[in-house]
Amino acid sequence: MSEMARVTIPTHRAPPRPARIASVWFRHYRVYFNSFFANATPAVFEPIFFIVAMGIGVGRFIDVQFLGLDYASFMAPGILAMTSMYTSSFEATYGTFVRLRYQNTYDAMLATPLTARDIFVGELLWCSTKGLLFATIVGMVLLAFGKVLTPWSILIPLVGFLTAMAFGGLSFLVTSIVLNMNHFQFYFTLILTPLIFFSGLAFPVHTLPRSLSYVAYSLPMFHVIETFRMVTSGYRHVTVSWAWVCPLLLVLMALVLGWLGVRRMARRVQR
Amino acid sequence: MSESTSTATVRPESDTVIELERVSKSFGTLKAVDEVSLSIARGSCYALLGPNGAGKTTLTRIIGGVLPRNGGKVWVLGRDPWEEQSEVKARLGVVLQEDALDEDLDVARNLEIYGRFYWITGRRLKEKVHDLLTLVNLDGRERSQIMALSGGMKRRLVIARALLNEPEILLLDEPTTGLDPQVRQLIWSLMRKLMAGGMTILLTTHYMFEAAELADRVGIMDQGKLIAEGAPAQLIETYLPPFVLEFESSQATDLFLAEQAEPLLVERHGDRTLIFHESEQLLLDLVSRLQLSRTGLRGTTLEDVFLKLTGRGLHE
Ligand SMILES: Nc1ncnc2c1ncn2[C@@H]1O[C@H](COP(=O)(O)OP(=O)(O)OP(=O)(O)O)[C@@H](O)[C@H]1O
Ligand SMILES: [Mg+2]
């Protein structure tokens, strides 16, 4: 067989780890952009409708200045946080589960030099990339509506990336234990959605009764939204005096949740 | 998974490319692989046979570096495949029991993306994809969706995928199950070509004929244990006489067998009776004595050995 006879290198070496991780990322990228418009359109339009309906529609009737901002500008960080969170969480739950259970994608990948960790680090980075992408797109929409007010907004993609990484990791933890896809509904409707509404999307939580606002401060999403608030509206619009902690906590959450999630999923596919 | 920092013993590479020493793997209380030892020489084809659930896939996964074992030693190309996953897997080609093609990508993209996992890129990748699709008669289907392929085409694509990295060893888990005879023939001739080129193959199959045709050595697994091993002809010789008379059991034949003074080697599969013997003449005599059809008289096959060793009943 002539094809086989043309072996030039006698022994093939494994690619280095960064190349392995990048190849997984690239697989997702390729699949995604194969049908980008079908995939991305709903995810982009949802936040646009949201800001138009809530911010401009409802906001007109709410004649209060929130922290010295009109309602839509107040909501901008929450919308960015929500977008990054949902994009990544959908990918790391439904997407990952379908690949795990129905498409055997990971079995095929594991037959190559990729290790289970390479696979899920690559996947987490892809989830984070999607967060970055959507935060950027939505950020530009907000900018067009005049709802983004500072030069710091150049950091929106980065905050989107970190947010998506944290929620990608959290979602991996969920995916590693669910038995069927219906269980994800609990995660979305009982955890993620309440999380975002109690973390400063629609109203400033520091105006809640003290005990309730402490609950809100302990939620991961509060720190995400507060970080986004810094980069959309500027530091002077933060809602708590210790807001500088929030970006640090966000980085910590991204790393810790990401690491835990990758570890769990890696174990899930190799037993 | 410390393949880069591992201090595991690396053996000098020799003619034995796969070596297992009392390898075990349990899932909970189930012993899926139970103290299996075997070795496979470079350039040879080893066929693993066994009923459903015997542990063939589990053993193949351990060899392929995707599943840790509970005990025993494994060397693949002189390395421990679990400790040095990436290094070992870079030199293996694997065909999984389920196709596991990427349904989100078309035929050519499936190979291109897979090639990147081995860090094959650019022009070399394009050439490789083209050559391999030609090799498995899928040229012209580059842009087909996976869903649109027949079972046989998918299987051929999976085999092409397993050859992307020019592997030294192929692990084929039931490569021809569920395929029509034409595709099966095509895959066999492909395997023969690869073997002629020096490829080592570990093959799992339920087709005795396939094992007898292609394999230099056959191992029979049952309930996690490797219960017999050898060249196909040698296995038959070891376990059964060369001739067999097979017929439908009846009262008359049962009575006759019960009355035999000299005990015969009799096996039963459901309502079939098989009598094995060294002498074809003796069996011919039986044919006329019992007024049976001559077509029941034949040479002993690997399948007879398999059924004798793994028992008659269903295993589940
Ligand atoms: N990941 C797993 N978790 C729990 N049990 C498993 C797992 N994988 C395999 N088993 C069990 O281990 C046993 C051996 O399975 P294996 O798939 O290796 O058999 P096999 O010989 O390949 O069977 P078949 O011919 O049906 O493919 C079976 O009882 C199976 O149910
Ligand atoms: Mg199997």
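Just above, that's the structure.
Not measured: the values here are computed from a predicted model.

What counts, and at which threshold
Residues numbered from 1 in each chain as written. Chains lettered and ligands numbered in written order. Predicted model: local features only at pLDDT ≥ 70, side-chain atom pairs only at ≥ 80, totals over all residues. Heavy atoms only, no water. Helix = DSSP H or I, 4+ residues; strand = E, 2+ residues; numbered from the N terminus. Buried < 20%, exposed > 50% of the residue type's maximum accessible area, 1.4 Å probe, protein only. Contact = heavy atoms within 4.5 Å. Pairing = 2+ DSSP bridges. Axes fitted to C-alpha atoms, helices over the stretch in contact; angles between N-to-C directions. Arc of directions from axis to C-beta. Polar contact = N/O pair within 3.5 Å; in protein donor to acceptor, adjacent residues only side chain to side chain. Right-handed = clockwise from strand over helix to strand, strands pointing away. Buried area = accessible area lost by both parts, 1.4 Å probe. Salt bridge = Lys/Arg side-chain N within 4 Å of Asp/Glu carboxyl O. Donors = N, O, S within 2.8 Å, 3.2 Å for Na, K, Ca; no water. Core = buried A, V, L, I, M, F, W, Y, C linked by side-chain atoms within 4.5 Å.

## Looking at the overall build of chain B
Inference 1: Regarding its fold elements, chain B presents 11 helices and 13 strands.
Inference 2: Taking the principal axes of its C-alpha atoms as reference, chain B extends roughly 75 × 45 × 35 Å.
Inference 3: A total of 316 residues make up chain B; the buried ones form 53% of that total.
Inference 4: Taking the contacts inside chain B whose residues are at least 6 apart along the sequence as the reference set, 69% of them involve residues at least 24 apart.

## As for the sheet that holds strand β2 (residues 30-41) of chain B
All names here are of chain B.
Inference 1: Reading across from one edge, β2-β1-β4 is the order of the three strands in this open sheet, with antiparallel pairing throughout. With partners counted over all chains shown, the strands left at the sheet margins are β2 and β4 (71-76), one partner each. The sheet shows a mean angle of 15° between the axes of neighbouring strands, direction not considered.
Inference 2: Looking at chain direction, strand β1 (residues 16-27) and β4 are connected through five bridges and run antiparallel. By the bridge assignment, L20 is partnered in β4 with V74.
Inference 3: Where helix α1 (residues 56-63) meets the sheet, it contacts β1, β2 and β4, and its direction lies at approximately 125° from that of β1.

## Looking at the sheet that holds strand β13 (residues 297-299) of chain B
Residue and element names in this part refer to chain B.
Inference 1: Taken together, the four strands give an open sheet; going across it, the order is β11-β12-β10-β13, and neighbouring strands pair in antiparallel fashion. Looking at strand neighbours, the two that pair on one side only are β11 (265-269) and β13, the edges of this open sheet. Geometrically, the sheet is characterised by an average inter-axis angle of 30° between neighbouring strands, direction not taken into account.
Inference 2: Where β11 and strand β12 (residues 272-277) come together, five bridges link them in antiparallel fashion. Residue V266 lies in a different strand from β12, and its bridge partner there is I275.
Inference 3: Against the sheet, helix α9 (residues 251-259) makes contact with β10 (243-248), β11 and β12, and its axis sits at roughly 150° relative to β11, the strand it touches most.
Inference 4: In this fold helix α10 (residues 280-289) packs onto β10, β12 and β13, with an angle of close to 20° to the strand it touches most, β10.

## Examining α10 of chain B
All names here are of chain B.
Inference 1: Residues of α10 that are buried include every one of L283, L286 and V287, and no others. Each buried residue of α10 sits inside an arc of 105° when the element is viewed along its axis, so together they form one side. α10 presents S288 and R289 as exposed residues on the side facing more than 90 degrees away from its buried surface.
Inference 2: Where α10 is buried, its residues touch β10, α9, β12 and β13.
Inference 3: If you check the start of α10, you find a side-chain oxygen 3.3 Å away from the backbone N of Q281, and it comes from S279.

## Comments concerning the environment of M265 of chain A
Residue and element names in this part refer to chain A.
Inference 1: Within the secondary structure, M265 is located in helix α11 (residues 245-269).
Inference 2: Using a relative accessible area of 0% as the deciding quantity, one classes M265 as buried.
Inference 3: Along the backbone, M265 and I119 are 146 residues apart, and their C-alpha atoms lie at a distance of 9.4 Å.
Inference 4: Other than its neighbours up to four places away in sequence, M265 contacts T96, L100, F120, F172, T175 and S176.

## Concerning the pairing of strand β7 (residues 200-204) of chain B
All names here are of chain B.
Inference 1: The buried count for β7 comes to five of five residues, which makes it a mostly enclosed element.
Inference 2: Here β7 shows no split at all, with T200, L202 and T204 on one side and I201 and L203 on the other all buried.
Inference 3: As paired strands, strand β3 (residues 45-49) and β7 are joined by four bridges and run parallel to one another. Looking at the pairing, C45 lines up with I201 of β7.
Inference 4: Where strand β6 (residues 169-173) and β7 come together, five bridges link them in parallel fashion. Within the sheet, the bridge partner assigned to L172 lies in β7 and is L203.
Inference 5: Each parallel crossover has a hand, and the one from β6 via helix α6 (residues 181-196) to β7 is right-handed.

## Section: the interface of chain B and chain A
Inference 1: Every contact between the two is made by 44 residues of chain B and, on the other side, 39 residues of chain A.
Inference 2: Of the roughly 3700 Å² buried at the junction of chain B and chain A (both faces included), carbon and sulfur atoms supply 58%.
Inference 3: The interface formed by chain B and chain A holds three salt bridges in total.
Inference 4: A salt bridge links R13 of chain A to E87 of chain B; the nearest nitrogen and oxygen atoms lie 3.6 Å apart.

## What to know about the coordination of the magnesium ion (ligand 2)
All names here are of chain B.
Inference 1: Protein ligation of the magnesium ion (ligand 2) involves T57 (OG1) and Q97 (OE1), the donor distances falling in the range 1.9 to 2.2 Å. A residue pair is termed long-range when its members are at least 10 positions apart, and T57 in helix α1 and Q97 in the loop between β5 (92-95) and α3 (107-117) qualify at 40 residues.
Inference 2: The partly exposed category is assigned to T57, whose relative accessible area is 26%.
Inference 3: We classify Q97 as partly exposed; its relative accessible area is 34%.

## Focus: the nonpolar core
Inference 1: Grouped together as the largest cluster of nonpolar side chains are 152 residues, with contacts concentrated most on M221 of chain A together with L20, L59, L157, I201 and V218 of chain B.
Inference 2: Here this core takes 13 residues from helix α4 (residues 71-101) of chain A, the largest share from any one element.
Inference 3: For M221 of chain A, the contacting residues outside a window of four places in its chain are A81, M82, M85, F167, L195, I196 and S199 of chain A.
Inference 4: Of all hydrophobic cores here, the second largest spans 11 residues; its members include L245, L264, I275 and L283 of chain B.

## Focus: the pattern of salt bridges
Note that side chains of opposite charge can pair when their charged atoms are close.
Residues and elements named next belong to chain B.
Inference 1: Taken as a whole and judged by the stated rule, the model has 29 salt bridges over all chains.
Inference 2: The salt bridge involving R123 is made with E127; its shortest N-O contact spans 3.3 Å. Of the two residues, R123 and E127 both sit in helix α4 (residues 122-135), four residues apart, roughly one turn of that helix.

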